[in-house]
Structure formats: C-alpha cells, structure tokens
Amino acid sequence: NWEECLRALLELGIRRFRIMSYWDLHEATEDSVDFSLLDQQLAILTEAGAKATLCIGMRQPRWPETHVPKWALELPIDQRTTKYYLYHQAVIDRYMGNPTIESWQLENEFWNRGFGENNTFSRSRLKKEFAMLRTSDPERPIIMSLANTVGYPILGPKPDLFGTTMYLIQYEKGRYTSSKYKPWYFQLRRFLVKLISFRSLIIHELQAEPWGPKANWEMSDAEQAMSMNPDQIKKCVAFARKSGMQYMDLWGGEWWYWRKTSGQDVALWS
C-alpha cells in the first residue's frame, strides 16, 4: 500500500523523496491524462513539510525503466515521441509551481543500454525534453543521471547536477558479485565530471535493498540477506561517504517497510 508506506517513511523522519510521473500510469488511455494519484502523493509530502525531486521522462526508475503506455507502443516511433512531448509538457505545466518540488530528474540512466526495455536512446528527444523543461521552469535545478557507474557527460544536454548509482552487491549472470569499484574511483569520477562539465556529481541511487535472482517478495529471507541486510546498509553508506559526495538518495524504502509489516524484520526498520 503506497500511502501507508509513504506515511510510515515520513513518521520514520525522512523528509526528502524521489517521486515518479510514469506516463503509462497517468495516461493509460490516449488523450486522457489523470494526475490524481500524483497530486495525492505530493499533497501528503506538502502536509508533512517534506520535499521531492519529481522524475519526468519516458524512462524512470523501476522495471521496465521506460514506462510507455500500451497504446503508445503501437504507434510509429515519431508519432509516439510527439505524443510523449504533449504528456511531458502537461507534467511540467501542472507541477512547476508546486513548492514541494525542489528539483526535477530528467529521464533515468538514459544511456544505460544494458537494462530496461523500449528505450529509443534518442539524443534529439532528450535535448528537446530538456529544452521544454528549462524554458518552462528556468529556476528549479534539473538532475540527470549518467549511464550507470561508467558514463561521463561528454555531450549535451547539460543539467544543473549529474547523478550516479552505487550498488555494492548484485546478482548477475547466475551469481552474486561485489562491485569492483572502490571509493577512490567515485572520487576520481566526481573530479572528472566537474572538470568536463563544471557540474557536481551526486549519488541519486544508493543500494539499500536486495538485488537478487528474483523480485524481493519472491526471495527467502536468506536470499535477500545475500545482497542486503542492516549491516550491509551501513557498509553502503560508509562507502558512499568515502567517495566524498555530499549528497545521497537511498533506494529501498518500500523494501524496509515491507520487511517490517510482513513480520520478517523489525530490526531493519529500527
């Protein structure tokens, strides 16, 4: 239950969130846009005095990453893109005056070709989305995430901040692996991003939930603990601090809440 989870995280003391604006959720039927759910989420945050980054773009966090309505997938790419621009502007127009939104995130790991479905990897579309957002809302910061842990901002567009993910243990190709990257690598990456773009690099997605062979709710306690547990969260935060980046968003709030309410793990919430 998303509302119970959100309110519980607020009670926990969290006051900054990343909120999504999935195209397939809010325009499930062509030319019929319904933002009531997103309005409700932001109203709850406003009431609690919390702040949010609002994600916009075809590609936003959560599988399949590119959240295109079924009706739009049936259109030729150029028509689909034109339809998306209309939705994109509708999101901007509705929320650019909302004081709870402190920043935008445009797309999510746009150039990560190894993960997700239905992305067209069109730089011209990305530039158009950026220009629409910047023109409509020139004041609020725009965040764009680089392509996983190895991307660099060589070409445009140029946002106000760049973000990176940071996952230390994940399940790939039939086995668990630990990240080969060390804190010094992220220190160097932060320096190179600054050198190339004169922009700061933040951690917009720090691992704080499992990455296993199945969905979290399909894995046993032991399997979930292979990649994430209370001690591992502490290790992830300590690793992130050593990187020198001053700002980090933790990815896993729903998992913490589910562990608690399903009776599996009150200690994790504590």
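Residues numbered from 1 in each chain as written. Predicted model: local features only at pLDDT ≥ 70, side-chain atom pairs only at ≥ 80, totals over all residues. Heavy atoms only, no water.

**Section: the packing of aromatic side chains**
Okay, so step 1: Inspection of every chain in the model, using the stated rule, returns 17 aromatic pairs.
Okay, so step 2: Aromatic pair Trp23 and Trp71: ring centres 5.7 Å apart, planes at 85°, arrangement edge-to-face. In this pair, Trp23 is assigned in helix H2 (residues 23-26) and Trp71 in helix H4 (residues 70-73), connecting sequence segments 48 residues apart. Trp71 carries the same exposure label as Trp23, and that label is buried.
Okay, so step 3: Centre to centre, the rings of Tyr167 and Trp211 are 5.3 Å apart; their planes meet at 90°, and the pair counts as edge-to-face. Separated by 44 residues along the polypeptide, Tyr167 in the loop between strand S5 (161-166) and strand S6 (169-172) and Trp211 in the loop between strand S8 (200-207) and helix H8 (221-225) bring together distant segments of the chain.
Okay, so step 4: Given the relative accessible area of 15%, Tyr167 is considered buried.
Okay, so step 5: Over the ring of Tyr85 we find Lys128, and its NZ or CZ is 4.1 Å from the ring centre. (Phe/Tyr/Trp six-rings, centres within 6.5 Å; stacked < 30°, edge-to-face > 60°. Helix = DSSP H or I, 4+ residues; strand = E, 2+ residues; numbered from the N terminus. Buried < 20%, exposed > 50% of the residue type's maximum accessible area, 1.4 Å probe, protein only. Lys NZ or Arg CZ within 6 Å of the ring centre and 35° of its normal.)

**Thoughts on unusual backbone geometry**
Okay, so step 1: Backbone torsion omega between Trp63 and Pro64 reads 5°, so that peptide bond is classified as cis.
Okay, so step 2: With respect to the secondary-structure elements, Pro64 resides in the loop between strand S2 (51-56) and H4.
Okay, so step 3: In this chain, Gly156 is followed by Pro157 through a cis amide linkage whose omega measures 0°.
Okay, so step 4: You can see Pro157 is positioned in the loop between strand S4 (142-145) and S5.
Okay, so step 5: If you check the backbone angles, Glu65 has positive phi at about 70° while not being a glycine.
Okay, so step 6: Checked against the element boundaries, Glu65 lands in the loop between S2 and H4.
Okay, so step 7: For Glu65, a relative accessible area of 5% puts it in the buried group.
Okay, so step 8: Here the phi dihedral of Phe198 falls at roughly 60°; this positive angle occurs in a residue that is not glycine.
Okay, so step 9: Considering the arrangement of structural elements, one finds Phe198 in the loop between helix H7 (183-197) and S8.

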